[in-house]
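Residues per chain are reported as follows:
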Amino acid sequence: MTEMIDDMNDMNDADGADSLAAAQARAVAGQGPAFLPPFARSQLGTMGIELELMVLDRLTHDLLPAAPDILLLLDKQDKTWVATPEITTSMLEVATSVLGGFNEAEAQLEEIRASVQRAAFAVGAAISGGGAHPFQKWNEQRIYPKDRYRESARKYGYLAKMFTVFGMHVHVGMPSADEAVRVGAWLTQRAPLFIALSASSPCWQGEDSGFCSARSNVVGAFPMSGTMPPDIRSWDEFAAHFERLAQHGIVNSIKDFYWDVRPKPEYGTIELRVLDTPLHPAHAAALGCYARELCIEVADRPGAWPREGSREVYTWNRFNAAKDGVRATWIDPETGAALPVEQAVRADLARLAARSTDPGFPAACALIEDLLRDGGQARWLTAHMAAGAGMNDLARVAAEMFDTPYKQGSKTQ
Amino acid sequence: MNDDSLPLFLFSPLAIIGAGLLLSQVIGVLMQKRGLPRLYGAVVAGLILGVSGLGVVDATLLTYFQELLNAASALVLFEAGRKMDLDWLWRSRAQGASLALGCVLRGGAAFALLAALGMSWSEAAFIASILVAVNPVVFTSMVADNNASGVATYAAANTVGLSQLVALLALSVSLAWLRSHGAVAEPPFADQLMIQGGKLLLGAGIAVACYAVYTVAARVSSAQAGLRPGILLATLMMDLGLCSVTSSSALLSLLLMGLLLRNVEKRDNVFQAQIKTVQDIGYALLFMMSAALVQFRDVLHWQVLLTALLLFGARIALTRLALVPAQAWSTRKKHAIALAACSLVGFSTLVVDSSISNAAYLSATAQGVMQALLALNVLVAPAITWAGLRLAGETSEGNAA
């Protein structure tokens with residue numbers, strides 16, 4: 001496998017890139033042999049954000065299978081970002097271009113928000129953030145008519161439709177493949193903090209789940225969910241791991257790893273995948289920058305690895321964060337100290353703000369501070385339920401939050 | 001066999017209708033197993049038991065259920081109003097305008113065609129007004145039957161409500177004209193217009209009053225969303241009752257009730273939930289339409305049939321033509337919307353008032369055309385609507401566009 005990757009690295013011409021992409025596409029669609037592309041090195045601190053959005057009926061606020069129609073309209077628009085389908089036709093994925101800092105992220109996500117909202121309205125749909133639709137029925141969802149998704153439906157059965165959940169992924173550029181593995185291990189430790197901050201899926205299949213992020217529990221049903229094994233300490237070790245699993249037919253491409261943090265070799269990034277899509281894209285920009293600053297900080301401590309044996313602590317932290325959101329307790333895997341999530345996050349932000357070179361980072365911190373108030377996004381939604389709102393109304397409130405540019409304090413309207 | 005030997009239940013209109021509905025369900029399920037729309041069970045059962053078949057169910061028998069039929073029609077209109085999204089119709093610009101243009105083109109073309117075929121202007125205007133409307137029973141039932149959901153379904157649902165509103169307004173004018181120029185001496189046009197317009201205004205006033213009652217009742221009781229259907233039912237009954245005693249337009253009234261609840265009430269809106277009962281009402285109404293309206297002798301007259309086919313086809317073509325300026329839908333979706341909105345209504349479906357009948361004011365030719373259109377509608381409109389929803393890829397997984 002390593003030799004194959006080295007061979008691939010030597011292919012610099014356009015044909016080579018095309019053949020890599022084709023091999024990757026075949027592997028992802030399950031129509032070709034297992035393939036792990038070479039790690040494309042990128043600049044540390046560059047960033048990309050992907051958001052999975054809900055497409056809603058404007059009357060019932062149930063999920064509406066209108067993503068293909070919205071994508072047709074977005075395809076006509078000149079833009080630097082991309083909009084793509086997801087596994088079911090009520091899901092829409094948007095991804096930013098490569099970003100340099102908070103201001104750029106916030107501006108582009110606002111452009112995306114406005115464009116997607118406009119296109120959806122034109123066809124009679126609404127768009128919403130949030131990690132899970134409060135009352136959709138998984139069996140009513142329709143698989144997007146695309147080979148990859150049909151293959152997933154065959155492979156995973158009902159889990160494919162159950163996966164109608166809406167996450168946010170943050171990509172942070174890594175200068176080398178080995179650094180991607182090392183920084184990824186550090187970022188994994190803090191992934192529960194991002195689960196807590198982004199938690200916005202309190203309801204599941206028409207019931208109050210009792211969790212702030214019900215979405216986080218759905219991913220666990222997939223066989224390759226979890227985290228990268230902690231004994232993997234280099235890209236070569238990861239490639240060997242991939243090859244071993246591929247020989248068993250367990251994985252065919254990097255996309256078969258549903259890990260909370262995984263390397264994304266074709267982009268030259270590590271990808272943080274645990275977040276619920278925030279109710280407003282402005283918060284997504286802020287959370288993306290938080291992850292970016294953490295990665296830059298770790299990259300400045302070359303050779304340092306997290307303590308071993310922290311996997312059980314991670315699982316516990318993850319559960320707590322999904323359950324109680326920003327009011328959860330987080331056990332620091334390095335010190336063993338149990339801290340309120342709010343305290344851990346504020347300590348991180350203070351430390352990162354002191355060293356950050358991103359002029360927009362203070363604004364990002366203010367937005368994250370917003371997410372810590374009133375119990376976080378999930379509690380903003382359940383407060384409506386406590387006041388007597390039904391599930392339809394909960395979905396409507398979330399859609400209305402997405403509809404307009406973000407204003408401080410608008411969350412409780 | 002004399003009457004004494006027949007069981008009593010054979011004389012019960014309710015039992016006969018019940019048996020008809022049972023037959024509709026059985027045939028519908030059998031058809032569904034063969035990949036055909038289940039709703040056709042109601043059509044086939046109507047043909048078997050109705051005036052074209054055994055003659056067990058006919059217009060006379062249906063008069064026993066006039067009040068029930070009126071209420072059912074009004075409830076279907078309520079659902080049509082509830083699906084009208086005024087904000088979208090207005091702000092989507094080209095999309096909303098194209099649906100409104102479709103109403104105008106359907107009515108205008110029907111008027112021109114009927115006048116060109118020699119029908120009097122007043123008769124042509126009267127029938128053209130009716131032909132503006134898309135049948136909410138056929139559309140809503142087919143959507144519910146196929147669990148259809150998507151942008152074409154949404155657009156067609158808005159077309160149904162919008163077309164009913166336009167048709168009701170146009171009909172009040174054309175009916176006034178027809179009655180003032182008919183064979184029977186009646187008050188002049190201006191007076192007729194006041195009468196017809198007055199019915200609509202009264203219906204609208206009752207809708208607003210009942211909506212206000214609903215709002216106050218919901219606020220006073222602080223009823224949460226899940227507890228409001230009872231308040232809704234009571235208010236709708238009040239609306240229907242007030243309309244029947246004042247001879248006002250119950251259809252417009254219920255349509256407006258749906259419209260108000262959809263577009264004014266925002267927070268904690270119980271009516272965001274789907275109303276599944278309308279599907280069952282649709283079965284019953286389609287069965288009765290099939291039983292009483294389809295008379296093959298009307299359809300088999302070639303000149304009448306040709307005129308009806310021409311009108312039916314022109315309505316679909318013009319609805320499609322009106323969609324050309326809209327940019328948000330793909331060509332496939334536009335075809336689908338035009339097909340899904342192909343069905344038409346009869347006079348009695350637009351005017352719930354048993355005291356008047358279109359037959360009294362129409363010539364034999366005009367009546368023949370209308371009968372043929374209605375028969376054609378029952379026989380083919382469900383299938384075309386079904387085809388439209390499938391073309392849109394909005395009925396089930398695997399056929400998405």
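This text goes with the structure placed above it.
Note that this is a predicted model, so its numbers are computed, not measured.

## Thoughts on the overall build of chain A
Moving on, step 1. Tallying secondary structure elements over chain A gives 15 helices and 13 strands in all.
Moving on, step 2. Relative to its length of 413 residues, chain A is compact, with a C-alpha radius of gyration of 20 Å against a globular reference of 22 Å.
Moving on, step 3. Expressed along its principal axes, the backbone C-alpha trace of chain A runs to roughly 60 × 50 × 35 Å.
Moving on, step 4. In chain A, which comprises 413 residues, the proportion classed as buried is 54%.
Moving on, step 5. Across chain A, contacts joining residues at least 24 apart in sequence account for 77% of those joining residues at least 6 apart.

## A word on unusual backbone geometry
Moving on, step 1. For A:D374, which is not glycine, the phi torsion reads 55° and is therefore positive.
Moving on, step 2. Turning to its location among the elements, A:D374 is positioned in the loop between helix 13 (361-372) and helix 14 (377-386).
Moving on, step 3. The exposure class assigned to A:D374 is partly exposed, which follows from the 13 C-beta atoms found within 10 Å.
Moving on, step 4. For B:R93, which is not glycine, the phi dihedral falls at a positive 55°.
Moving on, step 5. Accessibility expressed as a C-beta count within 10 Å gives 14 for B:R93, which makes it partly exposed.

## Thoughts on helix 9 (residues 151-180) of chain B
At 3.6 residues per turn, the α-helix brings residues three or four places apart onto the same side.
Moving on, step 1. The end-to-end C-alpha distance of helix 9 of chain B, which contains 30 residues, comes to 43 Å, matching closely the 44 Å that a straight helix rising 1.5 Å per residue would cover.
Moving on, step 2. Most of helix 9 of chain B sits out of view: 26 of its 30 residues are buried.

## Comments concerning the interface of chain A and chain B
Moving on, step 1. Tallying the contact residues gives 25 residues for chain A and 28 residues for chain B.
Moving on, step 2. With 4 residues, helix 3 (residues 67-75) of chain A is the single largest residue contributor to the side of chain A that touches chain B.
Moving on, step 3. Residues belonging to the side of chain A that touches chain B are distributed by class as follows: 14 nonpolar, 7 polar and 4 charged.

## What to know about the nonpolar core
Moving on, step 1. A:V55, A:I70 and A:I368 are the most contacted members of the largest nonpolar core, which has 252 residues in total.
Moving on, step 2. In terms of residues, this core owes the most to one element, helix 9 of chain B, which gives 17 residues.
Moving on, step 3. Filtering out sequence-adjacent residues up to four positions away, A:V55 remains in contact with A:L63, A:L64, A:A66, A:A67, A:I70, A:S90, A:M91, A:L92, A:A120, A:A125 and A:I127.

Parameters at a glance
Residues numbered from 1 in each chain as written. Chains lettered and ligands numbered in written order. Predicted model: local features only at pLDDT ≥ 70, side-chain atom pairs only at ≥ 80, totals over all residues. Helix = DSSP H or I, 4+ residues; strand = E, 2+ residues; numbered from the N terminus. Rg over C-alpha atoms; globule rule 2.2 N^0.38 Å. Buried ≥ 20, exposed ≤ 12 C-beta atoms within 10 Å, placed from the backbone. Contact = placed C-beta atoms within 7 Å. Expected span 1.5 Å × (residues − 1). Nonpolar A, V, L, I, M, F, W, Y, C, P; charged D, E, K, R; others polar. Core = buried A, V, L, I, M, F, W, Y, C linked by C-beta atoms within 7 Å.

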